[in-house]
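An overview of the molecular structure
Chain by chain, the residues run as shown.
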Amino acid sequence: MTATPRKPLVIIPARGGSKGIPRKNIKPLCGRPLIHYSIDVARAVAPDSRIIVSTDDDEIRAVAESTGLPVNYRRPASLGGDRVGSREVMLDAMDWADREGIEYDCVLLLQPTSPMRTVGDVEGCLNLYTPEMDMVVSVTEAACNPYYDCFETAADGTLHVSKGEGSYTRRQDAPEAWQYNGAVYVINPASIRQMALGEFPRRIPYAMPRSRSVDLDTPLDWIITENIMAHGD
């Protein structure tokens, strides 16, 4: 069966402030501003009219527009702080799109900090999405498995395995565990208006390999990613 074509409203969040990697959204990565990688992917799955770069920063806006993408939406200054959540940012962009008469049937969140996601990754998530779901989200195998090598501290200070009885002696025998990799979120517009992402009861995973599950947060992340991209096949 062929998947129903989706009409995503693509939101690329790019605030001006960044503590871990200063000015990271426009910092050159392998010769290109970081945000350009997400814009390229966005334009492969949606027309420019349904792509919103959400920024409060004039320089980021100019760098985004240098690709030829119009940046007509302006994120309010009140949503520019590091304590503002993704939901508030998306809701404001959605409200603007609604006022502009832009039609969409899902929200596609592409964070600039995942430059190694591919168009295929995004299309894979869009193909999994149906209106009965709250969200399709990209994941990768968790670095720590709660049934095997993830531990919690008990009241007496001793360690105990997070889930189960600690009976698994081989990681491959334990149930699979996944973690968000930050690359792709396909969200039901009605769901995000009703509740926070963490409250969604119907989340469907799209698995990505660790080799592409990069989420730039620290200078070390940047160095590793730049080397992978510069020397990868």
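In short, a report on the structure.

Conventions used here
- Residues numbered from 1 in each chain as written.
- Predicted model: local features only at pLDDT ≥ 70, side-chain atom pairs only at ≥ 80, totals over all residues.
- Heavy atoms only, no water.
- Pairing = 2+ DSSP bridges.
- Helix = DSSP H or I, 4+ residues; strand = E, 2+ residues; numbered from the N terminus.
- Axes fitted to C-alpha atoms, helices over the stretch in contact; angles between N-to-C directions.
- Salt bridge = Lys/Arg side-chain N within 4 Å of Asp/Glu carboxyl O.
- Core = buried A, V, L, I, M, F, W, Y, C linked by side-chain atoms within 4.5 Å.
- Buried < 20%, exposed > 50% of the residue type's maximum accessible area, 1.4 Å probe, protein only.
- Polar contact = N/O pair within 3.5 Å; in protein donor to acceptor, adjacent residues only side chain to side chain.

**A look at the sheet that holds strand β1 (residues 8-13)**
Ordered by their spatial adjacency, six strands build an open sheet running β4-β1-β5-β9-β6-β10, and the pairing between neighbours is mixed. A single partner strand is all that each edge strand has here, and the edge strands are β4 (51-54) and β10 (203-207). On average, adjacent strands in this sheet sit at an angle of 35° to one another, irrespective of strand direction. Relative to strand β9 (residues 178-187), strand β5 (residues 106-109) is paired through three bridges, and the arrangement is antiparallel. Following the sheet pairing, L108 is matched in β9 by V186.

**Describing the pattern of salt bridges**
Evaluation of the coordinates by the stated rule reveals 15 salt bridges. Close ionic contact of K7 with E103 constitutes a salt bridge, the shortest N to O distance being 3.3 Å. You can see K7 sitting in the segment before β1 and its partner E103 sitting in the loop between α3 (86-99) and β5, a full 96 residues away along the chain. Each of R23, D57 and E59 takes part in salt bridges that share partners, so that together they form one network.

**A closer look at the nonpolar core**
I12 and V186 are the most contacted members of the largest nonpolar core, which totals 31 residues. For this core, the secondary-structure elements that each account for two or more residues are β1, α1 (34-45), β4, α2 (58-65), β5, α4 (119-128) and β9.

**Details of the environment of D58**
With respect to the helices and strands, the residue D58 is situated in helix α2. Among the residues examined, D58 registers a relative accessible area of 54% and is labelled exposed. Considering only alpha carbons, one finds D58 and R74, 16 residues apart in sequence, at a separation of 9.4 Å. Among the polar contacts made by the side chain of D58, one reaches the side chain of R74 at a distance of 2.4 Å.

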